[in-house]
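# Examining the three-dimensional arrangement
This is what each chain is made of:
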Amino acid sequence: MRTIGLLVHSGAAARAAPLGEGSVLWVHRSVHEFLAAERMGKLSEGQVRDLLERRCWLSPEWSGVLDFTLGMDHEKPVESRIGPVVWRWIAERGDGLGWYTSVLVNSGSTAETDEIAGAVAALWRLHTAGFISSTALAESVAGTDLVDQAEVVSVVLAARHDPSDPTTWEALAWSGTPGLTLLASTVGSVADAVGAAAALYRVDPPAAQAALRRRLSKGLPVGAEDAAALAALEESDTAPLLRRYEGRPDSEQLARQVGWTRSRAGRTALRDRLHADDGAVRLAAASGLVADHGNDIDRDTFGALSHLARVDPDDSVRIGVRTLLNAIGASVPWVETAMAEMVGDLYRPVGIPSLDSADAIAAALRTTGPATELAVQMLLEDPVLETSPQIRVGLLDLTKRALLGEVDVQLTRKVALVATRETFAELALARLANADFDAPLNRTRLAAGLCLAFPADEEIFSVVLTVVQQRPDPSVERALTLSELPAERRLEILLDRFTGLTTSAPLAVGVWANQARRLLSDLPEPTRMRFADLFAMATNHVLDLP
């Protein structure tokens, strides 16, 4: 197998060893999984149940093996099939977070048996309770003939809570002809369907391109998710979008949309406007070029943009372009290095010659920019500065803006540390729980900044979970992942949330289940399996709620 390439050397030392010696790996994990599945399919029911008991649940390594094993069932006599064994296991022991049910349905195993029909019904219950997203539901049942695809479409649409939620489009893409037909119609006619073209393009590229042409001809917006589909269009197809940008060259949104097309004419138009007299036009053009190049930015384009970031006379342009380039630098080493070499020019305090007096620091705290960052850092390093009345007033102003979610995540984190946990966290948690705080981006900034400032704080993690329950907001889920509490303690808190529910709360359950799956999949096998029965009981509790 080494000779034909199914086994490969695992390192330089192994590569130097004679044939037949040295450590090896399978050329791809799927080869290993398939061979393990063949072996698993020959085990007795008792041996299979032993694997389910000790190893399989939520295991990244075993999910593919089990999927292959179940997929082979159709080649075996009924009495030798693994699907019925898994289904009996679920009935007897429960199914924490619906993992076994999803694998069973995904495999299309024994589609003619009562067990798979029961598993599909169970999957619908899990979806209704919030454990299974509409996308996962549609993807799972796509391989069976036991569900009317039009019915799946109706469930997906009924379940969406945000008309522009990209998971809706992904679910429709998995819903057969009814879903694809609706997607194509949506792309061509619905304004808040950004991302729908991307979902359609992954399944039916020609249909997505035709729908995008209709969308662009009507002047409807597109988003970053649609970039791959946009780039596949002809320049004549994207000409209407370019004309709209040329009529409004100060629009960052239109400039980015032109950039996503990656058309030659669009790129030329954007480069020409880097030298416009209007700062807003220059910033929009820079945004468009970053959308065009992304992490594939070339040195010539980087040079033009970094020039603006260093010497543009408009402070907002300098800060805006610097932020765009820093985002690329986070993933592209040579850009990060180049930005570090010009840091002195990039971070000159804007509008403030130096922060060498209480008045200068207070003025910096009342703005938002590099001087603000520097002022807050000075307060962190020298708390005595806060004794100045002017600085206290400036800090109060900045703290209010942070509590409103009006400053970025990193600055929110620093403000929280300056204000201290007792002061800032109490106000922030009350703010997050306020039903009138209805700005998703601001909520995410505040929640993420709070979790970053106090990542090991159990109360903050617990309260943010409660906020999700009281006011479901999947955007806060990203903030929860920043917690540094031990994984096992976070799982215990999540179990308490599941078992503490007295009425159905599918949105909150969805956020909590995603958190639990991520944590469990990263745990060592013995620790993960210790939670299997606990989450099975918690899942049954939620499924039984009115």
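So, here's what we can say about the structure. Note that this is a predicted model, so its numbers are computed, not measured.

Another point: the layout of surface pockets. Of the pockets and cavities examined, the second largest pocket occupies roughly 500 Å³. Lining the second largest pocket are 18 residues, with Arg322, Thr323, Thr368, Glu373 and Asp408 sitting closest to its centre. Contributing elements (two or more residues each) for the lining of the second largest pocket: α20 (315-329), α24 (370-381), α26 (409-419) and α28 (440-453). A per-element tally of the lining of the second largest pocket places α20 first, with 4 residues. Considering only residue class, the lining of the second largest pocket consists of 7 nonpolar, 5 polar and 6 charged.

Now for the pattern of salt bridges. Two side chains carrying opposite charge are able to pair once their charged atoms lie near each other. Counting across every chain of the model gives 21 salt bridges. Between Arg55 and Glu525 there is a salt bridge, and its shortest N-O distance comes to 3.2 Å. Placement of the pair is Arg55 in helix α3 (residues 45-56) and Glu525 in helix α33 (residues 525-530), with a sequence separation of 470 residues. Salt bridges linked by common partners bring Arg421, Glu426, Asp457 and Glu459 together as one network.

Note on aromatic pairs: each is described by the distance of the centres and the angle between the planes. Under the defined criterion, the tally for this structure stands at 8 aromatic pairs. Taken together, a centroid distance of 5.1 Å and an interplanar angle of 75 degrees make the contact between Trp99 and Tyr100 edge-to-face. Exposure class is identical for Trp99 and Tyr100. Each is buried. Geometrically, the ring pair formed by Phe131 and Phe498 is tilted, given 5.7 Å between the ring centres and 35 degrees between the ring planes. You can see Phe131 sitting in the loop between α7 (114-129) and α8 (134-141) and its partner Phe498 sitting in helix α31 (residues 487-500), a full 367 residues away along the chain. Grouping residues by exposure puts Phe131 and Phe498 together as buried. Taken together, the ring pairs in this structure connect Trp57, Phe131, Phe498, Trp512, Phe531 and Phe535 into an aromatic cluster. Sitting over the ring of Trp334, Arg299 keeps its end group 4.1 Å from the ring centre. Here the guanidinium or amino end of Arg431 rests over the ring plane of Phe437, the centre of that ring lying 4.2 Å away.

Rules used in this analysis
Residues numbered from 1 in each chain as written. Predicted model: local features only at pLDDT ≥ 70, side-chain atom pairs only at ≥ 80, totals over all residues. Heavy atoms only, no water. 1 Å grid on protein atoms, 1.4 Å probe; cavity = no way out; pocket = protein on both sides within 12 Å on 5 of 7 lines; lining within 4 Å. Points joined across faces, edges and corners; volume = space filled by probe spheres on them. Helix = DSSP H or I, 4+ residues; strand = E, 2+ residues; numbered from the N terminus. Nonpolar A, V, L, I, M, F, W, Y, C, P; charged D, E, K, R; others polar. Salt bridge = Lys/Arg side-chain N within 4 Å of Asp/Glu carboxyl O. Phe/Tyr/Trp six-rings, centres within 6.5 Å; stacked < 30°, edge-to-face > 60°. Buried < 20%, exposed > 50% of the residue type's maximum accessible area, 1.4 Å probe, protein only. Lys NZ or Arg CZ within 6 Å of the ring centre and 35° of its normal.

Everything listed here is a matter of coordinates, which is why it stays silent on function.
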